[in-house]
Amino acid sequence: MKKPFVTLEQLQEIVKQYPTPFHLYDEKGIRENARALKAAFAWNPGYKEFFAVKATPNPQILKILKEEGCGVDCSSLCELMMSDRCGFQGGEIMFSSNDTPAEEFALAAQLGATINLDDITHIDFLKDTIGYIPKKISCRFNPGGTFQLGESKEGFQVMDNPGEAKYGMTREQIAQAFKRLKEMGAEEFGIHAFLASNTLSNDYYPALAKILFQLAVDLKNETGAHITFINLSGGVGIPYRPEQPANDIAVIGEGVRRAYEEVLVPAGMDDVSICTELGRFMLAPYGHLVTKVLHQKHIYKEYIGVDACASNLMRPAIYGAYHHITVMGKEDAPCDHKYDVTGSLCENSDKFAIDRMLPEINIGDLLVIHDTGAHGHAMGYQYNGRLRSAEVLLCEDGSTRLIRRAETPEDYFATAIWD
Ligand SMILES: *Cc1c(COP(=O)(O)O)cnc(C)c1O
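Rules of the game
Residues numbered from 1 in each chain as written. Predicted model: local features only at pLDDT ≥ 70, side-chain atom pairs only at ≥ 80, totals over all residues. Heavy atoms only, no water. Near = heavy atom within 4 Å. Polar contact = N/O pair within 3.5 Å; in protein donor to acceptor, adjacent residues only side chain to side chain. Areas by Shrake-Rupley, 256 points an atom, 1.4 Å probe, with all protein chains shown as cover. 1 Å grid on protein atoms, 1.4 Å probe; cavity = no way out; pocket = protein on both sides within 12 Å on 5 of 7 lines; lining within 4 Å. Sits in = over half its atoms within 2 Å of the grid points. Nonpolar A, V, L, I, M, F, W, Y, C, P; charged D, E, K, R; others polar. Patch = residues over 30% accessible without salt bridge, like charges linked within 9 Å, V, L, I, M, F, W, Y side chains within 5 Å. Salt bridge = Lys/Arg side-chain N within 4 Å of Asp/Glu carboxyl O. Helix = DSSP H or I, 4+ residues; strand = E, 2+ residues; numbered from the N terminus. Buried < 20%, exposed > 50% of the residue type's maximum accessible area, 1.4 Å probe, protein only. Points joined across faces, edges and corners; volume = space filled by probe spheres on them. Domains from an automatic or database assignment.

**Student:** Could you clarify how one ought to interpret the site of the ligand in this entry?
**Tutor:** Residues in close proximity to the ligand total 13 residues, the closest being K54, E277, G279, R280 and H375. The side chain of E277 places a nitrogen or oxygen atom 2.7 Å from a nitrogen atom of the ligand. Between an oxygen atom of the ligand and a side-chain N or O atom of H375, the distance comes to 2.8 Å. Look at the ligand: alone it shows 390 Å² of surface, and the protein chains cover 90% of it. The cavity that encloses the ligand is the largest pocket. The class makeup of the residues in the shell around the ligand is three nonpolar, five polar and five charged.

Here's what the structure looks like:
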């Protein structure tokens with residue numbers, strides 16, 4: 001059972017102040033989870049989580065994570081600017097980007113961010129742009145092929161296809177890159193890789209760590225580079241479906257520790273810091289999209305029309321992603337009605353759920369769409385003249401705070417040229 005982090009009574013009060021639809025974030029959940037992550041990697045003195053800003057680019061969320069000791073992982077100019085304005089400095093900013101425009105490298109360097117190069121050709125591009133090679137630099141690795149974990153009769157627990165991914169350098173290139181960077185003045189090196197997304201397995205990070213730790217030992221021997229950090233990036237997932245088991249971050253941290261003891265320590269590399277760039281794991285479960293039922297439609301199927309649409313949450317429309325729905329106040333009612341829950345876009349993919357068994361729904365009911373705290377509001381758009389919703393923080397003391405206002409028609413028209 002997935003339970004909302006608010007009750008119907010709380011929500012009824014909240015919607016008096018903020019009209020639906022809006023994203024609601026749970027400060028308490030965000031902080032507790034960030035602390036559990038930090039504790040899981042406390043064995044590594046240099047450990048730091050660099051929150052993937054793209055998942056939830058909201059200054060107030062970034063400030064909460066900063067208070068919990070997190071840095072930020074940026075991949076664009078605006079994300080760098082937002083992080084700077086939120087007070088993140090130098091070593092608190094990771095810049096992991098690809099197909100990077102020159103001005104973004106320039107700002108990253110100016111802020112003292114740690115730059116993670118996606119390609120070997122970016123060495124010269126960076127040098128030509130900023131005039132030097134930073135003393136501390138990272139390279140992104142792509143091992144190619146497929147990446148699989150934990151075969152069972154249902155298939156692989158984790159499976160992804162790095163060979164088809166546009167990111168990172170080949171094994172030969174990363175060795176060459178380290179040699180060149182060293183000749184050009186780099187002194188501290190990092191390795192980054194992102195091999196699978198939304199993994200539901202306590203083995204993903206440990207398996208990735210083992211690959212990167214071994215690579216670090218080999219690259220140190222081949223190139224003489226002083227490798228001081230290894231970035232496991234994002235990819236630790238969350239159970240969007242109620243029957244899926246959640247990852248256990250303490251088990252994951254312990255698995256990475258074991259790989260560290262096995263591979264890095266015997267090679268004399270016990271000064272390596274671990275970095276992570278989690279987005280989804282940090283925020284997704286701590287966001288709800290709150291929406292109200294506007295219409296019911298009975299044609300060849302039963303439709304529930306709500307006041308949110310794919311502009312507020314694109315994941316179902318673009319990848320058929322499952323998001324659990326709770327009909328508030330009917331948590332214990334039998335799920336004996338089959339509905340498509342839709343938004344208002346003139347796009348048939350604008351459905352939050354298809355053939356979902358839910359309790360009987362009435363007009364005016366409040367629905368909570370779960371796990372929208374990451375890659376939710378952030379992916380919003382304005383197609384069909386629909387505007388992005390507000391973001392509201394449910395504070396630890398139970399009060400609420402508007403942390404982003406809803407867009408208005410003025411925002412929509414701000415870029416138009418009329419004559
Ligand atoms: C998207 C992204 C992340 C975060 O991924 P999650 O799946 O949200 O954890 C981390 N690092 C990089 C470089 C990314 O592009």
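**Student:** Before we go on, may I ask you to explain a nonpolar patch on the surface in this structure?
**Tutor:** Together, Y412, F413 and W418 give the surface a local cluster of nonpolar side chains, amounting to about 360 Å² of exposed area. Mapped onto the secondary structure, W418 falls in the segment after α12 (409-413). By relative accessible area, which is 66% here, W418 ends up exposed.

**Student:** Would you take a moment to explain the layout of surface pockets for this structure?
**Tutor:** Here the largest pocket is characterised by a volume of approximately 1,200 Å³. Lining the largest pocket are 47 residues, with K54, F194, S197, N198 and R280 sitting closest to its centre. Elements represented by at least two residues in the lining of the largest pocket include exactly β3 (71-74), β8 (155-160), α10 (280-283) and α11 (315-319). Counting residues per element, the lining of the largest pocket draws most heavily on β8, at four residues. Grouping the amino acids of the lining of the largest pocket by side-chain chemistry returns 21 nonpolar, 17 polar and nine charged. In this structure, the lining of the largest pocket is formed jointly by two domains, domain 1 (14-20 + 285-413) and domain 2 (27-281), each of which donates at least three residues. Computed from the structure, the second largest pocket encloses a volume of approximately 540 Å³. What lines the second largest pocket is a set of 33 residues, and nearest its centre among them are V306, A308, C309, G343 and S344.

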